[in-house]
Amino acid sequence: LIVRGAPVLLYRNDITKAQRLPFALSSAVPSLSITIVITGVGTTMGVMNPDVAAALVGAALLSVLLFPTIAGAMLGKAAKEPGD
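Here the structure is a predicted model, which means the values were calculated and not measured.

A. Looking closely at the overall build of the protein chain. Along the backbone of the protein chain there are 4 helices and 0 strands. Written out in order from the N terminus, the α and β elements of the protein chain read α-α-α-α. At a minimum sequence separation of 6, the contacts of the protein chain that also span at least 24 residues come to 56%.

Here you go:
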């Protein structure tokens, strides 16, 4: 979230303060498919514990589901409030 979302907070000056955090959340979504491929290769080669791989895939899945949902709710709330 910090590594991929922070540049949005620093880069975009043409959006309101209420919209910056939702945009940062939506841009921070990792690619679930690359996470699955990396953990699959790591467990197949024996360099990654299957428990760690499962935790990484679970965390990626949660972020793919939660970050856009939270961002959408925050943008909906920002649209109802007057602009900054």
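B. Molecular detail of the environment of N49. Considering the arrangement of structural elements, one finds N49 in the loop between α3 (32–45) and α4 (50–80). Considered as a pair, N49 and T39 are 10 residues apart in the sequence and their alpha carbons are 9.1 Å apart.

C. Up close: the confidence of the model for the protein chain. On average, residues of the protein chain score 79 in pLDDT, and 70% of them are at 70 or above. No element of the protein chain has a lower mean pLDDT than helix α1 (residues 2–11), which averages 68, and none a higher one than α3, which averages 93.

D. Summary view of the side chain of T39. For T39, the location among the structural elements is in helix α3. Accessibility expressed as a relative area gives 6% for T39, which makes it buried. Those residues in contact with T39, other than ones at most four positions away along the chain, are M48, A53, L56 and V57.

E. Spatial organisation of a nonpolar patch on the surface. A surface patch of nonpolar side chains, amounting to about 600 Å² of accessible area, comprises I34, V37, I38, V41, M45 and V47. Note on placement: V37 falls in helix α3. With relative accessibility at 49%, the residue V37 sits in the partly exposed group.

Thresholds applied
- Residues numbered from 1 in each chain as written.
- Predicted model: local features only at pLDDT ≥ 70, side-chain atom pairs only at ≥ 80, totals over all residues.
- Heavy atoms only, no water.
- Helix = DSSP H or I, 4+ residues; strand = E, 2+ residues; numbered from the N terminus.
- Contact = heavy atoms within 4.5 Å.
- pLDDT = per-residue confidence, 0-100.
- Buried < 20%, exposed > 50% of the residue type's maximum accessible area, 1.4 Å probe, protein only.
- Patch = residues over 30% accessible without salt bridge, like charges linked within 9 Å, V, L, I, M, F, W, Y side chains within 5 Å.
- Areas by Shrake-Rupley, 256 points an atom, 1.4 Å probe, with all protein chains shown as cover.
- Salt bridge = Lys/Arg side-chain N within 4 Å of Asp/Glu carboxyl O.

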